[in-house]
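Structure at a glance
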Amino acid sequence: MRDELFIQVQTIFRDFFRNQEIELTDTTTTEDIALWDSLTHLELMNEIENNYAIHFTLDEILDFKNVRDMVDCIDQKLYSKK
Amino acid sequence: MPFNSISYILFFSLVVTIYYLLNQNYRKHFLLLSSLFFVGYKNIESIYLLLATILFTYYLAKKIGSTIDIKKRKYLLRLGVFISISTLFLFKYIDIPASFGFDSNNLIFTLGISFYTLQNISFLLEVHSNRLKTEYNLIDFSVYSTFFPKFIMGPITIPQDFLPQINSDKPLSSNLTIGIQRILLGLVKKIAIADSLAEYVKFNFEKNHTPVGFTALLISYLFTIQLYFDFSGYSDIALGSAKALGFDLKENFNFPLRSKSITEFWRKWHISLTSWLTKYVFYTVSYRFRKLKKAAIPIALLVTFLLSGIWHGVGICFFIYAISHSLYMIIEYFTKSSRLEISTKIPTKIHTLLSIFITFNLVSLSFVFFRATSINNAFHLIKNVFSFKNFLPTNWKIDVFEHIAITSDQFALFNLFLLIITLSLFLLFEKKIYSIIINPKTNYIFIFILILILMIMGTYSNPEQFIYNRF
Amino acid sequence: MKKSYKLLLFLCFTLMFFIGLEKFYDFFLKENMNIKSSYISKNKINAKIIILGSCGPFATISPKEIEKYTHLKTYNLAEDHVNILENYLSYSLYLENNKSPEYLIIYTSPETFDERDNVLHSFHFSQFLDNPIICKTLKEENPNYYRWTFIPFMKYAYYNSKFNFNVIQGIKHYIKKKPTTLQLTGYSPIISPGTIEGKNKIHRITYKFEKKYKWSKIQEKYLLKIIKLAQSQNTKIIFYESPHYVKSNFNFIKRAEMQKKTKKIAANFGIDYLIFDTMKLSLDKNNFLYATAMYEEPSIQFTKVLSTYIKK
């Protein structure tokens, strides 16, 4: 389930940054992707929220240290929705 | 006790010696005492003010932490932030101490207030959002709040980075080597390079002496370099002092003059302030406006930079400085993907050099407003830079070098060249130098070279204040 | 153990290095013949007439002109931007290596005793700190500097921008052994700007400044020291004040009061005080770079008058 989610998120990233070469891992951070910085971060979060019809709070967004934290958070939200 | 003074060196040596002799359990108490001495050695009033702020913030933070009711928590947080900011306004902008007959330059409490107010606010915010997981007591919080290496000019430290270090065991001797090497490097940057540049910059920034064309541009470059060496030199001394005591503070600079864009520049320049503003201002504003999609970012950038401008000081110059950087960033934001496309078409080396050159120029032009004593002076200099008709000097010796060196004396030109060669070497090899510094193996040759530069080029007869002392 | 041994070795080496570097600077600064203090302690001048003072005499009194009338060897010991205190040091240094002169002519205009001119350029004398008089004076008058001079090389590090170039120049003078002419007579005239544009502008700006004088106790103290030193060696002292641009007088508040004090000192020690305010030269502003400093041409005319007086 989580692996599937991971691949979906990767697709969102690839579409958002218009770069099909992006490979996400658990430890990927903003440092690792050229266009991913604080300016694009919230837009990207918005994209993910729309995709899964979920809602991040600002504190949650600030807490993400890497892709693992983010995917865990999405996973949790989707689970609790069911 | 400014960092570039003998009294600081003596104070620091004494603190380090006692610190090493003490048992780990008592070290934090000793640090607190030393920091209080650092703040209050000139006037005891600073300590009273500081203790009042500490107690207020500490008990408020505890109260927020133990309150469950979300509304009440929010109310307490707002109260804390409001009072912190009010104190900042009273002491920094209205200069309350002056009306009681204090010279705010001597009141250490006021000197550090811009920096640790931000720190206290971040403490409250982190407690409020439950991000701070470390246990802390009044002593721990006081050490965090007053730690003398960062008290006057930062780096602004968030509690998660600092609190866990207070009670942990630290390997000391390797830290001491790195610390001392770093303090030496900071002193060279400040006393030998920034202070020597200060004289030229000061003279050439005066309206009567403003140069024209290329020379004016060169002067704006020199100020950017001066500010970089001044502030990063300060940060080196701060981080070095902290390191010698076993603490790792946040790096404040990451070779910013090599940035390829303004966005990158702000990730690498005064990092502790930028990340504070990004975390608490930029994200909050852009989150609030995110329904506006693309428009959210420009609004957030504008708000963030305006706040940063006000934090530096009230005035039209800082306003223009803030506006110009938000404009740079907004333009960069909207041209991001097209710029990435262009970069693939140009050879990487050329693209890198060109980007660094353009970024450095944009930064230097904006720093004219940061440095100038009045808006007229700033515009005058900018106007002179853009006097294309006689941009290139007719006589390089007279129009460029003698103008910058203030006189045409041989020795003045010699000093200018010596300085330019030294600072170029430091800029070109800054990454190499940094790697030597953070290496725990003592590098005696390097230490010797630093001492030699300090002795031959340092400014001792009339030391300059650190530029960021004003903020 | 090995580590502390290394550290000790490093400290010893550094210490020795800077002691050596200090000696190196000492030696080559004394070889730099463009520095007046070095020139007078290296060369035997043995002049009969010595001129002392600040930029006034430095730029106006040509020893050659005086020699023409008096047939006595003359040397101009004055220097730009210095005051009586530094004159005292130069004169003591001069006497170490030279016979005492017959006449000592001191420029004592009210400007000389203004408190604003209390700056002491200690770096003019750093290479002579082993001289007891210079050492004592710097200790008293510039404690901020003197305090650090016990650290090896710190006496140069403190004012390093003033030395690095001079040392290199000193090495050049030492190797070439060619005498430089700069300090030969100690005199350096101000060349009249002639047709340089904006010449009149310089005048107008300069005369607008209002000066309020305040008597400096320090300068007085060292003037007395010079007097005692000279009189103990039977040198005859003459005070003088060169012409200054008369029309600027009204801006110079308290000038007369200052003059009175100097006159009193002169009277106490039986010294002649010559004032040339009334000379025709003082009327034409084109003779002046600023109110108290004349260009080369008029200053030679003035030197003639002064020489005739000395001759008498």
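Here, every reference points to the structure presented above.
What counts and how
- Residues numbered from 1 in each chain as written.
- Chains lettered and ligands numbered in written order.
- Predicted model: local features only at pLDDT ≥ 70, side-chain atom pairs only at ≥ 80, totals over all residues.
- Heavy atoms only, no water.
- Helix = DSSP H or I, 4+ residues; strand = E, 2+ residues; numbered from the N terminus.
- Buried < 20%, exposed > 50% of the residue type's maximum accessible area, 1.4 Å probe, protein only.
- Pairing = 2+ DSSP bridges.
- Patch = residues over 30% accessible without salt bridge, like charges linked within 9 Å, V, L, I, M, F, W, Y side chains within 5 Å.
- Areas by Shrake-Rupley, 256 points an atom, 1.4 Å probe, with all protein chains shown as cover.
- Salt bridge = Lys/Arg side-chain N within 4 Å of Asp/Glu carboxyl O.
- Core = buried A, V, L, I, M, F, W, Y, C linked by side-chain atoms within 4.5 Å.
- Domains from an automatic or database assignment.

**Brief notes about unusual backbone geometry**
- A cis geometry characterises the amide bond from G154 of chain B onward to P155 of chain B, with omega recorded as 5°.
- Relative to the helices and strands, P155 of chain B is located in the loop between α8 (148–151) and α9 (159–166).
- Although it is not a glycine, H71 of chain C adopts a positive phi angle of roughly 55°.
- Given the relative accessible area of 67%, H71 of chain C is considered exposed.
- For F153 of chain C, which is not a glycine, the phi torsion comes out positive at approximately 75°.
- Looking at the element boundaries, F153 of chain C is found in the loop between α7 (143–146) and α8 (154–157).

**Details of the pairing of strand β3 (residues 103–107) of chain C**
Residues and elements named next belong to chain C.
- Across the five residues that make up β3, a large majority, four, are buried.
- Both strand β1 (residues 49–52) and β3 contribute to a ladder of four bridges, which runs parallel. Within β3, the residue paired with I49 across the bridge is Y103.
- In this structure, β3 lies alongside strand β5 (residues 236–241), joined through five bridges in parallel fashion. When the bridges of β5 are listed, I106 appears paired with F239.

**Side note on a nonpolar patch on the surface**
All names here are of chain B.
- There is a patch of nonpolar side chains on the surface, built from F417, I421, L425, L428 and F429 and spanning about 510 Å² of accessible area.
- Mapping I421 onto the fold places it in helix α20 (residues 410–428).
- For I421, a relative accessible area of 51% corresponds to the exposed category.

**Let's talk about the nonpolar core**
- Counting residues in each nonpolar core, the largest one holds 237 residues, and the members touching the most others are F13 and I74 of chain A together with Y91 and F239 of chain C.
- Top element by residues in this core is helix α11 (residues 214–244) of chain B. It accounts for 17 residues.
- Both domains that meet at this core, namely domain 1 (6–169) and domain 2 (182–470) of chain B, each give it at least three residues.
- Counting residues in hydrophobic clusters, the runner-up holds 18 residues, among them Y245, L274, F276 and M279 of chain C.

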